[in-house]
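What follows is the residue order along each chain.
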Amino acid sequence: MGKLNVGIIGYGWVATAHITAIQAGNGAQVTAIYSSRKHDDAELSAKWGSDITSYTDLDAMLANKDIDAVSICSFTYQHVEHAVKAAKAGKHIILEKPMALSWADCQAIEAAVKEANVKFCICFECRYSNQFISTKAILDQGLIGELHYAEVDYLHGIGPWYGQFEWNAKKGGGGSSLLTAGCHALDSLLMFMGTDVEEVTSYDTKSKSAIFAPYEYTTTSVTILKFKSGKIAKCAASVDCLQPYYFHTHLFGSEGSILDNKIHSEKLKSDKHKWSDMSMSMLDSGDVADHPYQLQFDTFFESIQNNTEMPLTGLKEAIKTHEIIFAADQSAATGKSVKL
């Protein structure tokens, strides 16, 4: 089969990273862009290197039978409408995180995707980062034994210096610190620890800095997860910290530990007094241009061509992670633990 044709829904900052990744691969090409603003097709085609038709009418774009899949890069509050429409039009779906702003909307997307029998990929692309592919390989080889505790935290001050600040700071835009950005950390934590979460307890707070005053929701949270297997874990999400970007990863096993790009392993006879450094390309930037979309998208397009399920970031992973996120936010709002 030839390249798949992809339509982009929403032409903003994150869309540019999606288009770059799609065009860099061999499985697909961007042939359409939907935007609320008018664009010149010749300019778009010249910029991105394929013949692109622009639309200001989403229904018209989705009616184009030559389009195989869409990449939804619109505002979070538009995700449910755009994803449901795309599924009903028979388009395979790439959906930026978070999936939606409510659990009910996530379930509506799930139902539409299943009913239309289209392929689905959620942009939890950190699972496809070199850092986490390497980390998961070390875990799978048993080099630090069986995990019993882990900490994965998203620490990134998202202030007025970010283009999405104005809409992301609104409750109806970002939702919560865990949902808008910390979702990457929680999702990665679940990849390492499993998804048999039994109960979550979450607390939240907010910086007194005037920089983050426009946020309509609490901007730092910490969530404790209790697993049916007996494991426990912690996920902190802070978008109001004044420090360099840091995706903190600390995994504790029966035979050793991993701290970011460092390892101590009893099986490897590591020196107990110092860490061993591992060669990894680290998750050290919040810029979407640095996110590992290409490998994720290449894998998704292969799954479409081969009629197989999307590994790592398919519909079931998207639903499970968001179920836990909304349970955590419910716990923070009510001051009570929430059982899943």
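The rules behind the values
Every chain is numbered independently, its residues counted from 1 as its sequence is written. Totals for whole chains, interfaces and linings use all residues, but because this is a predicted model, local features are given only for residues with pLDDT of at least 70 and pairs of side-chain atoms are given and counted only at 80 or more. With hydrogens and water set aside, each side-chain value is computed from the structure's full complement of heavy atoms. Strand pairing is defined by DSSP finding a minimum of two bridges between the two strands. Labels follow the DSSP assignment, with helices taken as runs of H or I lasting at least four residues and strands as runs of E lasting at least two, numbered in each case from the N terminus. The angle between two axes is taken between their N-to-C directions and runs from 0 to 180 degrees, where each axis is a line fitted to C-alpha atoms and a helix contributes only its stretch in contact. Note on contacts: a residue pair qualifies if any of its non-hydrogen atoms lie within 4.5 Å across the two residues. By nonpolar core we mean a set of buried residues, namely Ala, Val, Leu, Ile, Met, Phe, Trp, Tyr and Cys, connected to one another through side-chain atoms within 4.5 Å. Exposure classes here rest on a 1.4 Å probe applied to the protein chains alone. A residue is buried below 20% of its type maximum, exposed above 50%, and partly exposed in between.

Draft legend 1. Structural detail: the sheet that holds strand E3 (residues 53-55). Judged by pairing direction, the sheet is parallel, and its six strands sit side by side in the order E3-E2-E1-E4-E5-E6 without closing on themselves. On the outer flanks of this sheet lie E3 and strand E6 (120-122), each paired with one strand and no other. Recorded for the sheet is a direction-independent mean angle of 25 degrees between the axes of neighbouring strands. Pairing analysis gives three bridges linking strand E2 (residues 28-34) to E3, with the strands arranged parallel. In the sheet register, Tyr-34 faces E3, and the bridge partner there is Tyr-55. Contacts from helix H1 (residues 13-24) reach strand E1 (4-9), E2, strand E4 (69-72) and strand E5 (92-95), with the element oriented near 150 degrees to E2.

Draft legend 2. Just the nonpolar core, in detail. Formed by 80 residues in total, the largest nonpolar core has its most connected members in Met-99, Phe-120 and Leu-225. In terms of residue count, the dominant contributor to this core is helix H8 (residues 177-193) (11 residues). Core analysis: the next-biggest nonpolar cluster, separate from the first, contains 29 residues, Ala-21, Leu-44, Cys-73 and Ile-304 among them.

Draft legend 3. Representation of the sheet that holds strand E9 (residues 220-227) in the model. A sheet is described by the order of its strands in space; here nine strands give the open sequence E14-E13-E12-E11-E7-E10-E9-E8-E15, paired in mixed fashion. Looking along the sheet, the strands with just one partner apiece sit at the ends: strand E14 (276-277) and strand E15 (338-339). Two strands pair when backbone bridges link them, and strand E8 (residues 197-205) and E9 are joined in this way by eight bridges, in the antiparallel orientation. When the sheet's bridge partners are listed, Thr-205 is paired in E9 with Thr-220. Helix H6 (residues 130-140) contacts strand E7 (147-155), strand E11 (246-253), strand E12 (256-259) and strand E13 (262-265) of the sheet and is inclined by roughly 0 degrees relative to E11. Against the sheet, helix H10 (residues 315-334) contacts E8, E9 and E15, and its axis sits at roughly 50 degrees relative to E8.

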